[in-house]
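Coordinates in review
Each chain, written out:
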Amino acid sequence: MSLIEIKKLSKAYESGEENIRALIEVDLNIERGEFVSVMGPSGSGKSTLLTILGGLNHPTEGEVIVDNIPIYKLPTEKLADFRREYIGFIFQSFQLIPYLTVIENVMLPLSITEKSNKEQRRMAEEILERIGLRGKEKRLPDQLSGGEQERVAIARALVNSPPILMADEPTGNLDSKTGKEIMDLFRSLNQEGQTIVMVTHNFENTTFSTRILSLKDGRVENS
Amino acid sequence: MRLKDISINNLRRRKGKVLFLILGLAIGITTVVALISITRMMNEDISMKLDEFGANILILPRSDDLSLSYGGMNMGGVTLEGQLLHDSDLPKIRQIEVNENISTISPKLIGRVEIEGKKIPLMGVRFQEELRLKKWWKIHGTEPKNGGEVLLGNEVAIQLFKSRGDSLFINGREVRISGILDETGSQDDFLIFGDLTFVQETLKRPKTLSLIEVSAFCNTCPIDEIVKQISAKLPHAKVTAIKQTLQTKMEALDHFKKFSFGISMIVLFIGSLIVFTNMMASVNERKREIGIFRAIGFRQSHVIRIIFLEAFIVGVIAGVIGYLSGLGVSHLIGPILTGAKSMKLTIDPFLAFGSILLSALIGTLSSTYPALQASKMDPTTALRSL
């Protein structure tokens, strides 16, 4: 049984009087431990696919089944619980909370769990250690470099050990050297068994992917 | 980390706006606290100045006789002769349940005596009590100090050609005129006032009373309640409330209360609008942030809690500031409005707690719509970069 199963997935937007079809009858399976890169030109529907996979965006038609859960049949609050338990998001421009320190940003997904403050801190410190950000826990995001901010975003996505990591252009705002470091980190995470779905423009980023998914005009061209 | 830490950190970040928010709400609470405190001061002031209004309860013997008027008060069947009330009735009045509201009890005996061929009413009073009731009395001379002295009403003095220091004979007993009353325009001008015991002896009606005037005030209960309780203690007497003076004052106070309530509502409404617009703006500014919260698994209820918590914290702070400044304002302008020289600053825990609670409630309620809007935000729209 695949970790993610997508059946006849379609998504259409109303834009004024125009009906834009962002995704058209997409069928896709993603197995545990896969590192899938989603590529395609702007407007091809790759970001839409990622948000639908992540439980953020209701499809117009079709089904998304993650770990045997038809996620869009869940009530709103349960869908939020699903995102917390299954998905770690890494957004394009880091999207850290500016008034929270590094460690607080990392602890954010844990703040709504039953875990004690001590346990939250321990988990956050452990992941910061792993991604090489120890010693910078008390800094605010604007006191960090782009690469460091990206690492904080990765730490936040991984802190509660979600089965799936989703990244949207993770190197989009980074220089090539830092971008490569981040990709190395992704590779090592994947080698440890982490399932990753990544949207990217940059072909170099797909070096470590186990599969490349190419989208064009809302359809999967090859996979 | 808990949700409260997110709320507190966000409030810290937006210091200027939060200060404006607190100020808007605090002004409302200040107004409410100041108006409530001033209304209370006025109430207490009326209570304190009660003696200046004279008596407001009249106790007369029950009688079927034709009525007589005294000072605009109906005296029922006070026949100037006959057995009426008794000295022993006085302590009974003090025994009523709400006795702490009784300020002065002034017993009186009225009889008619013949002096130099003229029939003149003589009233026995206890001068200490009578003078407390009749603050408007102006005496040329002094009030009688003992049974051997009397006070003459202005008209009596003219008719008898007497002035202070002169003597006159009442039922064969010589008394000295210690003072003459300035014209009052009331029946007091036509009376001779003597010590109650002396008058009781002179009229040969020991321990007898014609009427009792009582000055009472009740902040919390209507005057009718006092009347009812005295009536129960003195079943042989007719107890009447003279409402005019107090009623006018109480009506004025009532108008002020209504005015205060109206002003408070308007100011609080403005305060809640400030909270509403500020919170709405805050939610719009934080669209992206709320999108992140939702994307990483915050429930709608978590987002609502963050916003409510912020509004609650702001409300509590505004409540404390509003209460303290309201207390200060009432202390400053209360004496001007009530005419009292000084007012002591008292902290009323009920008002303190109430105003903080009210502030927190307004803050939270005004944030309901913004909080619901925030919780319903589509995370993908909020996170445009996705």
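Scroll up to find the structure this text is about.
One structure accompanies this document, and this report is about it. Residue positions within a chain follow its written sequence, with the count starting from 1. Labels are handed out in written order, letters beginning with A for the chains and numbers beginning with 1 for the ligands. Residue-level local features of this predicted model are given only where pLDDT is at least 70; pairs of side-chain atoms are given and counted only at 80 or more, and the full residue set underlies all totals for whole chains, interfaces and linings.

Quick notes on the pairing of strand β10 (residues 173-181) of chain B
Residue and element names in this part refer to chain B. Quick reminder of the rule: Only when DSSP finds a minimum of two bridges between them are two strands counted as paired. Only DSSP runs of H or I with at least four residues qualify as helices, and only runs of E with at least two residues qualify as strands; both kinds are numbered from the N terminus onward.
Summarising the sheet, strand β7 (residues 139-141) and β10 pair through 3 bridges and their orientation is antiparallel. Note that in β10 the partner of Ile139 across the bridge is Leu181. Pairing of strand β8 (residues 149-152) with β10 involves 4 bridges; the strand directions are parallel. Each residue of the ladder has a partner; that of Leu152, found in β10, is Ile180. As paired elements, strand β9 (residues 167-170) and β10 share 4 bridges and run antiparallel to each other.

Here's the deal with the environment of Leu196 of chain B
All names here are of chain B. Here is the rule: Placing C-beta atoms from the backbone, we regard two residues as in contact once those atoms come within 7 Å.
Mapped onto the elements of the fold, Leu196 is located in helix α6 (residues 196-202). In this structure the C-alpha to C-alpha distance between Leu196 and Pro107, which are 89 residues apart in sequence, comes to 8.1 Å. With sequence-adjacent residues up to four places away left out, Leu196 is seen in contact with Pro107, Leu109, Gly124, Val125 and Arg126.

A look at the sheet that holds strand β1 (residues 4-15) of chain A
Residue and element names in this part refer to chain A. With respect to topology, 4 strands assemble into an open sheet ordered β2-β1-β4-β5, the strand pairing being antiparallel. This sheet does not close on itself; its edge strands, each paired only once, are β2 (18-30) and β5 (69-70). As paired strands, β1 and strand β4 (residues 61-66) are joined by 5 bridges and run antiparallel to one another. Its bridge partner being in β4, Lys7 is matched across the sheet by Glu63.

Focus on helix α9 (residues 287-295) of chain B
What counts here: Three exposure classes are used, all based on how many other C-beta atoms lie within 10 Å of a residue's own C-beta (placed from the backbone): buried at 20 or more, exposed at 12 or fewer, and partly exposed between those limits.
Counting buried residues in α9 of chain B gives 7 out of 9 residues, a clear majority hidden from the surface. For α9 of chain B, the set of buried residues is Glu289, Ile290, Gly291, Ile292, Phe293, Arg294 and Ala295 of chain B.

Re the pairing of strand β13 (residues 211-216) of chain B
Residues and elements named next belong to chain B. With 6 of 6 residues buried, β13 lies mostly within the body of the structure. Neither face of β13 is exposed, since Leu211, Glu213 and Ser215 on one face and Ile212, Val214 and Ala216 on the opposite face are all buried. In this structure, strand β1 (residues 57-61) lies alongside β13, joined through 3 bridges in antiparallel fashion. Each residue of the ladder has a partner; that of Ile59, found in β13, is Ile212. The pairing of strand β5 (residues 102-115) with β13 spans 6 bridges and is classified as antiparallel. Note that in β13 the partner of Pro107 across the bridge is Ile212.

A word on the interface of chain A and chain B
For clarity, the threshold we go by: Nonpolar residues are Ala, Val, Leu, Ile, Met, Phe, Trp, Tyr, Cys and Pro. Charged residues are Asp, Glu, Lys and Arg, and all others, Gly as well, are polar.
At the junction of the two partners, chain A supplies 27 residues and chain B supplies 25 residues. For the side of chain A that touches chain B, the secondary structure elements donating two or more residues are α1 (46-53), α2 (76-86), α3 (102-107) and α4 (117-130) of chain A. Residue contributions to the side of chain A that touches chain B peak at 6 residues, all from α2 of chain A. Residues that form the side of chain A that touches chain B fall into these classes: 11 nonpolar, 10 polar and 6 charged.

Comments concerning the environment of Gly193 of chain A
All names here are of chain A. Summarising the element assignment, Gly193 is placed in the loop between α6 (176-191) and β8 (195-199). Take Gly193: there are 9 C-beta atoms within 10 Å of it, and that puts it in the exposed class. For the pair formed by Gly193 and Ile24, sequence separation is 169 residues and the distance between their alpha carbons is 31 Å.

Here's the deal with unusual backbone geometry
Non-glycine residue Glu25 of chain A carries a positive phi angle of around 40°. On the secondary structure map, Glu25 of chain A appears in strand β2.

Scope: geometric values only; no functional claims are made or implied.
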